[in-house]
Amino acid sequence: MIMHVITNFTASAGAETMLARLLHGSTDERIIVVSLIGVSDRNRRLADNPRVSYVSLAAASLTALPGAILRLATLIRKERPDVILCWMYHAMVAGSLAAGLARHGAPVFWNVRQSLDDPASLTRSSRVAIAAAKLLSRRPTGIIYNSARALDLHRAYGYTNQNAVVIPNGFELPELAAPEPRAARRIGIVGRFHPQKDHGTFFKAAAQVLKTHPQAVFSAAGNGLVCDNPEVMELIAKAGLPAHAVDLRGEVSDMPAFYRSIDLLVLSSRTEGFPNVIAEAMSYGKPIVTTDVGDAAVVAGRAGIAVPPRNPQALAEAMRAFLDLSEAEYARYARTARERIENEYALAAVSAKYSKFLTA
């Protein structure tokens, strides 16, 4: 029996989605998911596995963490899992300390989902957890990183465990209708409103693009990206971008429809690990413009253009390059995007890598 410990299984970001995908495909007799904060209906539905039971420790603050660690230790002693896999920094710290208190002896693995390209863009709580995990980094049996950049940067930061492996995120491939000839016009961005995602740079680049390509249309999906968020509207105004030029969609429940509606996906982040949205968009045959953070450029491969982070001019020039493609040229990029996900990031192969590392 495997126990997954995750910081917050109410979130709908990359780590939570990847865990749900693994749960959905798991044939283990019994699985326990322990969330330090909570569990959402959305993630239960994605997992869709009756063999999974969920425990919420309701520890939404650092002051609540010691009590959650004690409750987790009690749960480990009771359930006696064969292996414990801890997802993200807070859960890595809590899971390692709880396993030590439980004295059960099950191997504990960490799953690092974030790169350290720009630690200043992370929350104070995350930075504290990163530092605490550094002090504990010899303890786990092994560490999974979801990007090669994350492994390199964490080792440089001081994570000392040498039993480490890079396992990228995996994806189920959607069925695609026969593509119609088209040129790029609608540009999308996906990601919660957070300094890490650097929407300000995206809005500035979009304003530059509109000056030369007034036919371009921009659409932004993610928690907080709504018209009644004054911080978002201030960033748009500062960028010199007309408010009506960006379709602010907020949290989108039907992401397949969103990906089908766009012609190009842009990632403007300051730091990432393995950005799910890039591979998801590519699975729908969408080319990519991304900042060169985490393994974003590696994932995009020849289906995209990577530029330095926090550089609106470079981001705008890359977007223009796709807007200027002929229909035939755009179709070649679209095919390359889909084929790359099929060949490199299929979910079944990624799940097998997890099983091999956890049971070696």
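Note: the structure precedes this text.
### Side note on the pattern of salt bridges
(1) Moving on: The full count for this structure, using the stated rule, is nine salt bridges.
(2) Moving on: Across the pair Glu79 and Arg30 runs a salt bridge, and its minimum N-O distance is 2.9 Å. One end of the pair, Glu79, is in helix α3 (residues 65-79); the other, Arg30, is in the loop between α1 (14-25) and β2 (31-35), with 49 residues separating them in the sequence.
(3) Moving on: Here the salt bridges do not stand alone but share partners, grouping Asp117, Arg149 and Asp292 into one network.

### As for the side chain of Glu272
(1) Moving on: Relative to the elements of secondary structure, Glu272 occurs in the loop between β11 (264-267) and α10 (276-283).
(2) Moving on: Side-chain polar atoms of Glu272 contact the side chain of Lys197, separated by 2.7 Å.
(3) Moving on: Looking at Glu272, its side chain comes within polar contact range of the side chain of Ser269, at 2.7 Å.
(4) Moving on: Non-local contacts of Glu272, meaning those with residues more than four positions away in its chain, are made with Gln114, Ser115, Asp117, Gln196, Lys197, Leu267, Val293 and Gly294.

### Looking at helix α12 (residues 312-323)
(1) Moving on: In a regular helix each residue adds 1.5 Å, so 12 residues correspond to 16 Å; α12 covers 16 Å between its end C-alpha atoms and thus fits that length.
(2) Moving on: For α12, the buried fraction is high: nine of the 12 residues fall into the buried class.
(3) Moving on: Among all positions of α12, only Pro312, Ala314, Leu315, Ala316, Ala318, Met319, Arg320, Phe322 and Leu323 are buried.

Each value, and the rule that gives it
- Residues numbered from 1 in each chain as written.
- Predicted model: local features only at pLDDT ≥ 70, side-chain atom pairs only at ≥ 80, totals over all residues.
- Heavy atoms only, no water.
- Salt bridge = Lys/Arg side-chain N within 4 Å of Asp/Glu carboxyl O.
- Helix = DSSP H or I, 4+ residues; strand = E, 2+ residues; numbered from the N terminus.
- Polar contact = N/O pair within 3.5 Å; in protein donor to acceptor, adjacent residues only side chain to side chain.
- Contact = heavy atoms within 4.5 Å.
- Expected span 1.5 Å × (residues − 1).
- Buried < 20%, exposed > 50% of the residue type's maximum accessible area, 1.4 Å probe, protein only.

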